[in-house]
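# Remarks on the overall topology
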Amino acid sequence: QQPVQSPQAVILREGEDAVINCSSSKALYSVHWYRQKHGEAPVFLMILLKGGEQKGHEKISASFNEKKQQSSLYLTASQLSYSGTYFCGTVPPGGYQKVTFGTGTKLQVIP
Amino acid sequence: NAGVTQTPKFQVLKTGQSMTLQCAQDMNHEYMSWYRQDPGMGLRLIHYSVGAGITDQGEVPNGYNVSRSTTEDFPLRLLSAAPSQTSVYFCAVGKGGNQPQHFGDGTRLSIL
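Read on for an overview of the structure. (Residues numbered from 1 in each chain as written. Chains lettered and ligands numbered in written order. Predicted model: local features only at pLDDT ≥ 70, side-chain atom pairs only at ≥ 80, totals over all residues. Heavy atoms only, no water.)

### Let's talk about the state of the cysteines
Residues and elements named next belong to chain A. Scanning the entire structure with this criterion turns up two disulfides over all chains. Note on cysteine connectivity: Cys22 is disulfide-linked to Cys88, with sulfurs 2.1 Å apart. Because the sign of the S-S torsion sets the handedness, a value of about 70 degrees for the bond joining Cys22 and Cys88 places this disulfide among the right-handed ones. Of this pair, Cys22 sits in strand β3 (residues 18-23) while Cys88 sits in strand β9 (residues 84-91), placing them 66 residues apart in sequence. (Disulfide = S-S within 2.5 Å. Helix = DSSP H or I, 4+ residues; strand = E, 2+ residues; numbered from the N terminus.)

Structure (structure tokens):
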């Protein structure tokens, strides 16, 4: 089952902040985050492997709450280049690491 | 160094035709997977492979076959194309599921 992302879409003005949430009904071992520009392939942003872990990439960071089976992506001081669709991908514990992606959050940053 | 190469980039088929979507990598990674992307549905996993000779089903495997005879190649076969299989198909490659996935540029497939 796909993880659920919220919101589905958001419009920001340059410099504003946003939070994108990813929630799973199943236990998680890791969470991936990717960004996809229109007409292009998804591009890797970061992976969170441990519960409570936080990571950063430029002004984009993320957290992973293993117990709640949730992850959040934080975009601060947004730039026009942040526009695109953001996907979380979840990996369950055990088994062999198949990555299941959410339905995506479309982010548009306007001047 | 091409990374992940998908061919063809575009294809139009008639219902009932068969075809193979190619995915080749020069990254020497074990993990390869196929996703389809439809509006509002995100990326849905079709099949994946953790190494040569090992494949498994994802969320939406029906209508698709895969095999993995080499580390480099992971073809996706549509045996009898249906309009519901109209989609953009992405191949992804990584050292494992808990490692970054590198996506090909995609194949845009239309079935009439």
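### Section: the interface of chain B and chain A
Opposite the 24 residues of chain B that make contact, chain A presents 23 residues. Together chain B and chain A conceal approximately 1,800 Å² of surface at their shared face, both sides included; 57% is due to carbon and sulfur atoms. When the buried surface of chain B facing chain A is broken down by residue, Leu43, Asn98 and Phe103 of chain B rank first, second and third, together holding 30% of it. For the pair chain B and chain A, the number of links is zero salt bridges. At the junction of chain B and chain A, the tally comes to six residue pairs in polar contact (both at pLDDT 80 or more). Secondary-structure elements contributing two or more residues to the side of chain B that touches chain A are β4 (31-38) and β5 (42-51) of chain B. By residue number, the principal contributor to the side of chain B that touches chain A is β5 of chain B, which donates six residues. Tallied by class, the residues present in the side of chain B that touches chain A amount to ten nonpolar, ten polar and four charged. (Contact = heavy atoms within 4.5 Å. Buried area = accessible area lost by both parts, 1.4 Å probe. Salt bridge = Lys/Arg side-chain N within 4 Å of Asp/Glu carboxyl O. Polar contact = N/O pair within 3.5 Å; in protein donor to acceptor, adjacent residues only side chain to side chain. Nonpolar A, V, L, I, M, F, W, Y, C, P; charged D, E, K, R; others polar.)

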